[in-house]
Amino acid sequence: MLDKQTAAVLAAVNARTDGSYKVVEEGELLCALPARLKTDATGLANALRYLSERGYVDVKYSDKGTYCICSLPKGRSYEESAGAERRGDKKRSKSRFLLFFFGAMAGAFAGSLLAGVLMYFLFL
């Protein structure tokens, strides 16, 4: 499992390379990353090195902020599976919320019904 910054770098590489080698400027990749990650050139270089070592991308060369990179099948399939997993997590969390909500409503109804019955028989 990749961290958020590395996954974002992988997504940016996948969006630009389409499985073939492309020359990409450092600024292009940094602009494609979310601002909340606050990634700089060093962080980008580290993420690309990590992805390259693990077989997600292939870096043919890097020189002064210019990279010749290619996304490998492992990197493309990771993004597809991660997207499907996120959609599944969202669906599970929604169904879990509904289950808890209706369970709480049923518990509140049962508790108030029991209190009403007890009050009826105690003050009769």
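Residues numbered from 1 in each chain as written. Predicted model: local features only at pLDDT ≥ 70, side-chain atom pairs only at ≥ 80, totals over all residues. Heavy atoms only, no water.

With that out of the way, let us pick up the UniProt feature "transmembrane region" (unreviewed entry) in the chain. Those residues carrying the UniProt feature "transmembrane region" (unreviewed entry) are residues 97-123 in this numbering. For residues 97-123, the helix share is 96%, the strand share is 0%, and the end-to-end C-alpha distance is 39 Å. (UniProt positions renumbered as here; feature names shortened; annotations may be inferred. Helix = DSSP H or I, 4+ residues; strand = E, 2+ residues; numbered from the N terminus.)

What follows concerns the pairing of strand β3 (residues 66-71). Counting buried positions along β3 gives six out of six residues, so the element sits mostly inside the fold. Residue alternation in β3 divides its side chains into two sets, Thr-66, Cys-68 and Cys-70 and Tyr-67, Ile-69 and Ser-71, and both sets are buried. Two elements, strand β1 (residues 22-25) and β3, share four bridges in a ladder whose sense is antiparallel. The residue of β3 that forms the bridge with Val-24 is Tyr-67. In this sheet, β3 lies alongside strand β2 (residues 57-63) in antiparallel orientation, the contact comprising six bridges. Bridge assignment links Tyr-61 to a residue of β3, and that residue is Cys-68. The turn joining β2 and β3, which pair antiparallel and follow one another in sequence, is formed by two residues; a positive phi near 50 degrees is taken by Lys-64. (Buried < 20%, exposed > 50% of the residue type's maximum accessible area, 1.4 Å probe, protein only. Pairing = 2+ DSSP bridges.)

Moving on, we come to the nonpolar core. Counting residues in hydrophobic clusters, the biggest one holds 19 residues, and the most contacted among them are Val-9, Leu-10, Val-13, Leu-29, Leu-48 and Leu-51. Considering each element in turn, this core owes the most residues, five residues, to helix α1 (residues 4-17). Residue contacts for Leu-10: discarding those within four places in its chain leaves Leu-2, Leu-51, Tyr-56, Val-57, Gly-75, Tyr-78 and Glu-79. (Core = buried A, V, L, I, M, F, W, Y, C linked by side-chain atoms within 4.5 Å. Contact = heavy atoms within 4.5 Å.)

Between its first and last C-alpha atoms α1 spans 20 Å; for 14 residues at 1.5 Å apiece the expected length is 20 Å, and the two agree. Three or more residues of α1 are buried, namely Thr-6, Ala-8, Val-9, Leu-10, Ala-12, Val-13, Asn-14 and Thr-17. Remark: Asp-18 follows α1 within two positions and exhibits a positive phi of approximately 55 degrees. (Expected span 1.5 Å × (residues − 1).)

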